[in-house]
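# Commentary on secondary and tertiary structure
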Amino acid sequence: MTAEIWDVIIVGAGLSGLSAAHLLRKRNAKLKMLILEGKDRVGGRTVTTEIPAANGVDRWDFGGQWVGSTQTHILELIKELGLETFPQFNIGKKVHHTGGPGAKVRTYRTSIPALSPLVLLDLTQLLWKIDRLCATVCVQDPWRTPNAVELDSMTLHSYIKQHAWTAELKEEMGLCSRSVFGMEPSQMSFLFFLMYAAAAGGVLPLLESTPGSAQELKIKGGTQQLSQCLAERVGWKNVRLGSAVTAIWQDAEWARVTTTTNTFLCRAVIVTCPPHLAAKIHYQPALPSQREFLTQNMPVGHMIKFIITYQTAFWKEKGFSGEIVAGSSSGCPFCVTFDATSPSGNAALVGFIAGEQASQWSSEEGGERREAVLSSLVKYLGCEAASFIHYEEKDWAKEDYSGGCPVNVMAPGLLTYYHPSLRKACGRIHWAGTETATLWCGYMSGAVQAGQRAAVEVLAELCPMALTQEEQQAVEHSLTVKDAVKQTPSSKHTYPSTTKAVVVATLAIGAVLLLAHNQNALLKVKSYLTNVFSTTTQNIFLL
Ligand SMILES: Cc1cc2nc3c(=O)[nH]c(=O)nc-3n(C[C@H](O)[C@H](O)[C@H](O)COP(=O)(O)OP(=O)(O)OC[C@H]3O[C@@H](n4cnc5c(N)ncnc54)[C@H](O)[C@@H]3O)c2cc1C
């Protein structure tokens, strides 16, 4: 069989692969470029599906959904493709249930969760510490972060255990980890968590649905349109669906890319699949052992996303926003829900079963999972929740060529010893995909940034004249630590002033409560102050 000859082959028609293709096409219309995709659709971890709703049918996202105002790469793409965004509805009471099934279900209206003053104090001190550490992280080269080896040798769980005082906050942090990564805090390196947060501008933007955060806006008509529009611009004839790449061979002249049915020759390859799937492709010659070790040890999260449509948004009528946050001890299968009413007014809720809850509920029958979700919704929002129009869910662990979501994380030790190989090209092979991004890594925006970066690398090899001066410099000189830190949006996001006020108030109340009633807590305060003192001293010496 004779092999087809192309200039560039891109593995994966998700946002990263199609963004790379789009940039290559814009810079050099003559480049012969082919995108090979394992699924029978474009979009990868974004998929928009039509389901029954109050006014007939409507479209909802079952993968990536929200964008935020600091996510410049995705926002520019949305604008370029002529798509529109609309804000996430978050007005009204939010429901919060942690502390065990018997604990009181609380409601609150601000961005500060309904926690006791003591837990709020604990939360504030923990976030403050983590955000200070985030500011020291070099996202581009995380192994250069001060104390990198120590930070990378612990998990998020061990850091929380050491630095959070209250059991409720520990549960709260588990919940956050589950809803952001689809993973438990014990499964990821603390330095990885810091890097991920730093790439988003801090911890708060990962969690809130306020300006600057990850859950601020949604795209009218759904996010899969981004990939469909990109495929249109690149040319559908250059996208081959149902074409999973199984092997990539390289020699001095060519890269040979094979699928189960075809072989292609090309001068450069961009691999955009998530690291655990990139590791399944056979490479000849073998990739450097650092790269192999890295990708074989980057587990992917587990999320089941569900949408439930209703005749009316009864929760809004009752003064609720639709946001429910429930800890694993509450007995609720999901960790979080939000209002998902469509721009055309079809009422819906969206929710996530994630981390250990996803692995537990994934093995149950679909009907049982649905009943458990509904009974929790009835408990938190009222009996109207039982009268739904349609329930639809997607278990991403069962999706071919994804095998989990939303992102791959790194176990302890990987960042300090193996991370340089994550983005470093191996001969003719360049690496993209959201996991390789330095801004909003793990998000759709990161996928676009990473695809564009890989396209620039390929242009530098195949047609350097197509690069801007800035791009040429970026390729020639890998960024310095200082520049990389400067690039992260961290300085843009500050704590809301209300949070600052709460810090002061809760510090005072918490201190009085602690000292007056609890000998054990007194010891914790002492150990905390000693810790702050020793960290400050250490930092002074590190300066
Ligand atoms: C449930 C869920 C919720 C999310 N929520 C958000 C959110 O609200 N906001 C946000 O910004 N992000 C969110 N994300 C993450 C976001 O969707 C991803 O970061 C982004 O889509 C990743 O794009 P990518 O191109 O890097 O990877 P992918 O989309 O995974 O693309 C890789 C492509 O490679 C293909 N592929 C894999 N192996 C092969 C092979 N061997 N041969 C050929 N093709 C192959 C895959 O089929 C896939 O199409 C969410 C994701 C999920 C699943």
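Residues numbered from 1 in each chain as written. Predicted model: local features only at pLDDT ≥ 70, side-chain atom pairs only at ≥ 80, totals over all residues. Heavy atoms only, no water.

## Considerations on the overall build of the chain
- Per the secondary structure count, the chain includes 20 helices and 22 strands.
- Considering only intrachain contacts with a sequence separation of at least 6, the fraction spanning at least 24 residues in the chain is 75%. (Helix = DSSP H or I, 4+ residues; strand = E, 2+ residues; numbered from the N terminus. Contact = heavy atoms within 4.5 Å.)

## Quick look at the sheet that holds strand β10 (residues 217-219)
- One open sheet accounts for three strands, arranged β6-β10-β7; its pairing is antiparallel. Either end of the sheet is taken by a strand with one partner, and the two such strands are β6 (66-67) and β7 (85-87).
- In this structure, β7 lies alongside β10, joined through three bridges in antiparallel fashion. Residue Phe 86 lies in a different strand from β10, and its bridge partner there is Lys 218. (Pairing = 2+ DSSP bridges.)

## Looking at the UniProt feature "binding site: FAD" (unreviewed entry) in the chain
- Here the UniProt feature "binding site: FAD" (unreviewed entry) sits at Ser 16, Val 245 and Glu 435.
- With respect to the secondary-structure elements, Val 245 resides in strand β12 (residues 245-250).
- Aside from chain neighbours lying at most four places away, what touches Val 245 is Val 11, Leu 36, Val 257, Thr 258, Thr 259 and Ile 281.
- The topology assignment puts Glu 435 in the loop between β22 (429-431) and α16 (444-462).
- By relative accessible area, which is 5% here, Glu 435 ends up buried.
- Not counting chain neighbours up to four residues away, the residues in contact with Glu 435 comprise Arg 45, Pro 274, Pro 275, Val 407, Asn 408, Leu 422 and Cys 441.
- Within the local environment of Glu 435, its side chain forms a polar contact with the side chain of Arg 45, the two groups lying 2.9 Å apart. (UniProt positions renumbered as here; feature names shortened; annotations may be inferred. Buried < 20%, exposed > 50% of the residue type's maximum accessible area, 1.4 Å probe, protein only. Polar contact = N/O pair within 3.5 Å; in protein donor to acceptor, adjacent residues only side chain to side chain.)

## Structural notes on the sheet that holds strand β2 (residues 8-11)
- Here we have five strands laid out as an open sheet, ordered β11-β3-β2-β15-β22, and parallel in their pairing. In this open sheet, the two strands that pair with only one neighbour each are β11 (239-240) and β22.
- Alignment of β2 against strand β15 (residues 268-271), held across four bridges, turns out to be parallel. Following the sheet pairing, Ile 9 is matched in β15 by Val 269.

## Description of the packing of aromatic side chains
- Summed over all chains, the structure comprises 17 aromatic pairs.
- Arranged with centres 3.9 Å apart and planes meeting at 10°, the rings of Tyr 159 and Phe 190 form a pair that is stacked. Within this pair, whereas Tyr 159 is found in helix α5 (residues 156-163), its partner Phe 190 is found in helix α7 (residues 190-199), the two being separated by 31 residues in sequence. No difference in accessibility class separates Tyr 159 from Phe 190, as the two residues are buried.
- Ring pairing ties together the aromatic residues Tyr 159, Phe 181, Phe 190, Phe 192, Phe 193, Tyr 196, Trp 440 and Tyr 443, which thus form one cluster.
- In this arrangement the basic side chain of Lys 93 is found over the ring face of Phe 320, its NZ or CZ atom lying 4.4 Å from the centre.
- Sitting over the face of the ring of Trp 396, Lys 394 holds its NZ or CZ atom 5.0 Å from the ring centroid. (Phe/Tyr/Trp six-rings, centres within 6.5 Å; stacked < 30°, edge-to-face > 60°. Lys NZ or Arg CZ within 6 Å of the ring centre and 35° of its normal.)

## As for the site of the ligand
- The local shell around the ligand holds 35 residues, among which Glu 37, Arg 45, Val 245, Thr 434 and Met 444 are the closest.
- Val 245 has a polar backbone atom sitting 2.8 Å from a nitrogen atom of the ligand.
- Tyr 401 places a polar main-chain atom, nitrogen or oxygen, 3.4 Å from an oxygen atom of the ligand.
- Out of a free accessible area of 1,000 Å², the ligand has 97% covered by protein chains. (Near = heavy atom within 4 Å. Areas by Shrake-Rupley, 256 points an atom, 1.4 Å probe, with all protein chains shown as cover.)

## Some thoughts on unusual backbone geometry
- In the segment running from Gln 284 into Pro 285, the intervening peptide bond is cis, with an omega of -5°.
- Within the fold, Pro 285 resides in the loop between β16 (282-284) and α11 (289-296).
- In this chain, Cys 405 is followed by Pro 406 through a cis amide linkage whose omega measures 0°.
- Non-glycine residue Asn 147 carries a positive phi angle of around 60°.
- Among the secondary structure elements, Asn 147 is positioned in the loop between α3 (117-134) and α4 (148-153).
- Residue class for Asn 147 comes out partly exposed when judged on its relative accessible area of 34%.
- A positive phi angle, near 50°, is found at Trp 440, a position not held by glycine.
- Along the chain, Trp 440 turns up in the loop between β22 and α16.

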